[in-house]
Structures are given as structure tokens and as C-alpha cells.
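Each chain, letter by letter, is given below.
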Amino acid sequence: MPPPLPTQDRPADYRTRALTWAVRACATGVGDVLQWHPSADEIRRRTREEDADESLADILWDELVTAEQGSRAEAAGGPAGLLADPGLERGAPASYWLRRRRVGQWELWRAAASRLPRVWIKLIEAPAPVIRSVQRAVGIEMIARATAGTSSRTLVKFLAPLENDLAGRVVTRIRAAGAATAESPDGPGPVSAEIAARWRDAYERAAKMLTGDRLASTLGRGLLAAMFRQLPEAERRDVARLSKSTLAPLLEHDEFLEPVSADEIAWGGRMLSAPRVVIRLTRSSAAIDQDSLNTRSDDE
């Protein structure tokens, strides 16, 4: 006999609680999950009907397979009744838990995708090396916009902490922005003199402790962090729960660039929609790592 059911109310995520209970009880029967199922009363009623020919396990497996059909069809863009693998309609109790967890993750992802801006969906899908590349790209663009119009002699001295490769990328971005026109824009656009001064000050503060890639990434992460904190609380929870990296806790506690103005937030949104950033978010972490070994900039 399994141990008595805990007396506290059923939690929102009944599957997590049920799995914990099953492990502690050394339970192996699929029917044990019924104790934490949100539709437990309805399922019990179905099994007690006089003409019922389904066991508890049958009903639970039925529900799981139906949920899998819907999620697979949605992911593939096919009809709702499509079953990707008819040969896996049922399995061992352990496989029930694994498959239920996979469907649960898909349901969470689908709900988050309906709320989050598209760029944040891409960010939480991305592994850590890709996130670092995006932070670096944003930081380089910030430095370029903050130093536009600076004399060559002053610029060389100012960019020295970035080291040769990244300093060269900043110069390339300054030239590209200077050559842009209304018909052929390049990047997220210029910033006001006040924002440029703030970013130069932030750069100089960071340059006292950091150099090279870490310096550029610190600026970019600071702006991303400010944008993250502007998201509604429910969307921040989605990012924290679904991210493949440690993105959420890092952004939550990074206040290096604060206080950040609404104009800076808007510029950051345009930057994250720029082709160079979008390309990074759709590439593999291996490709991004290889870029860090190359001396030629992929921003050129």
C-alpha cells in the first residue's frame, strides 16, 4: 500500500508534486499519479461507472497520448489529430513521467510564446555562448554610437581598453553608421548627446576593471538587464523558467547601467531587432565560439 496522501492542498504543478511523492513511496504504478491529477474526481467517476471498461492507467495514458498528438501537430503545423509516432501510444510507468514532462514543457513554452516579445523567445532558446555574443554585439554598437564624431586621436586612446580586434569593430560600426541614409539605414539609429555621454561614462567606469570582450559585454548586458526589468512580472518568470542559460538571474541583478531612460530602452529594442543580432540568435553556439577565434569581424 502506498503511504497516505499528504493533507495539504494540491499544488498548481501537480506533476512535480506527484513525482516527488511517487519517488518517496517507491511507487511504480501509473495509477498513483491520479492522486495529484487536476481531474482526479472526474477520472474516478469514469472508472466507477457500471459500463466502464477502462482502468485508471488506461485513462491516464489516453490523456497523455491526446496531449502529445496536439503538441506534436502544433509544433509541425499539421492537423490537431496527427500522431507523430503511433507505435508509442503506451509504455512503462517511467516513460509516462518522461513523456508527461515533455508535454508539460511544451505547454509552458506555448503559453510563454503568446506573451513574450519574439526577441526574448529567441534569447531564452539560445545557449550561453550565443547570449555572450549578443551582449558583445550590443555593447560594441553602444560604444560606436557614444563615440561617433570623436577625433581619431582621441578615439584611439579611448578604445585602447577594448584591445585591437574589438576596437577595430567599433571603428567599422562608426563608419557604417556614418554612411547610412534614411533609405538605407544601418543599425538601430543614433542616440542623443545625453545618452552618448552616459554610455561613455559607463564605458570609462567599466574600463577601470575590465578589458576586451568582457568590457563590451558588460555594457551590452547592462542594457539588456534594464530591458528585462521593464517586462511584466509574469514574462520575467517565463524567461527565468524556460531559459537554457543563466540569463534571467544575471539580468535581474545587473544594475550597472541604471538609471536607464525610456529612450535607451527603445534603442535597445531596435538593436535587438537588427539583422546582426537576429543572425546571432539563429546560429549555433559552435559557430559563435568559432567567431571568437577569428580576427576578422563578422560585423563587417
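In short, a report on the structure. (Residues numbered from 1 in each chain as written. Predicted model: local features only at pLDDT ≥ 70, side-chain atom pairs only at ≥ 80, totals over all residues. Heavy atoms only, no water.)

Right, let's talk about the overall build of the chain for a bit. Broken down by element type, the chain carries 15 helices and 0 strands. Counting over 300 residues, the chain shows a buried share of 39%. Across the chain, contacts joining residues at least 24 apart in sequence account for 71% of those joining residues at least 6 apart. Carbon together with sulfur atoms contributes 54% to the accessible area of the chain, which is approximately 16,500 Å² in total. (Helix = DSSP H or I, 4+ residues; strand = E, 2+ residues; numbered from the N terminus. Buried < 20%, exposed > 50% of the residue type's maximum accessible area, 1.4 Å probe, protein only. Contact = heavy atoms within 4.5 Å. Areas by Shrake-Rupley, 256 points an atom, 1.4 Å probe, with all protein chains shown as cover.)

Moving on: the packing of aromatic side chains. Evaluated as defined, the whole model comprises 3 aromatic pairs. Note on phenylalanine 158 and tyrosine 203: the rings are 4.5 Å apart at their centroids and 25 degrees apart in plane angle, and the pair reads as stacked. Separated by 45 residues along the polypeptide, phenylalanine 158 in helix H7 (residues 152–159) and tyrosine 203 in helix H9 (residues 193–207) bring together distant segments of the chain. With respect to class, phenylalanine 158 is no different from tyrosine 203; both count as buried. Relative to tryptophan 267, the ring of tryptophan 199 lies with its centre 5.0 Å away and its plane at 65 degrees, an arrangement referred to as edge-to-face. Taken together, the residues span a long stretch of sequence, with tryptophan 199 in helix H9 and tryptophan 267 in helix H13 (residues 262–272) at a distance of 68 residues. Residue classification places tryptophan 199 among the buried residues on the basis of a relative accessible area of 2%. In this structure, arginine 205 is placed above the aromatic ring of phenylalanine 256, and the distance from its NZ or CZ to the ring centre is 4.5 Å. (Phe/Tyr/Trp six-rings, centres within 6.5 Å; stacked < 30°, edge-to-face > 60°. Lys NZ or Arg CZ within 6 Å of the ring centre and 35° of its normal.)

Next up on the list: the layout of surface pockets. In this model, the second largest pocket occupies a volume close to 240 Å³. Forming the boundary of the second largest pocket are 14 residues, of which Ile131, Arg132, Gln135, Arg221 and Leu250 lie nearest the centre. Every element with two or more residues in the lining of the second largest pocket is listed here: helix H6 (128–147), helix H10 (212–229) and helix H12 (247–253). The element best represented in the lining of the second largest pocket is H10, accounting for 5 residues. For the lining of the second largest pocket, the residue count by class is 5 nonpolar, 5 polar and 4 charged. (1 Å grid on protein atoms, 1.4 Å probe; cavity = no way out; pocket = protein on both sides within 12 Å on 5 of 7 lines; lining within 4 Å. Points joined across faces, edges and corners; volume = space filled by probe spheres on them. Nonpolar A, V, L, I, M, F, W, Y, C, P; charged D, E, K, R; others polar.)

Another aspect to go through is H7. Among the residues of H7, those classed as buried are Leu155, Phe158 and Leu159. All buried residues of H7 fall inside an arc of 85 degrees around its axis, so they share one side. Among the exposed residues of H7, those pointing more than 90 degrees away from its buried face are Arg153, Val156 and Lys157. (Arc of directions from axis to C-beta.)

To continue, consider the pattern of salt bridges. As enumerated under the stated definition, the model contains 12 salt bridges in all. With a shortest N-O distance of 2.9 Å, glutamate 141 and arginine 145 are connected by a salt bridge. With a gap of 4 residues between them, glutamate 141 and arginine 145 both fall in helix H6, about one helical turn apart. With relative accessibility at 1%, the residue glutamate 141 sits in the buried group. Using a relative accessible area of 10% as the deciding quantity, one classes arginine 145 as buried. (Salt bridge = Lys/Arg side-chain N within 4 Å of Asp/Glu carboxyl O.)

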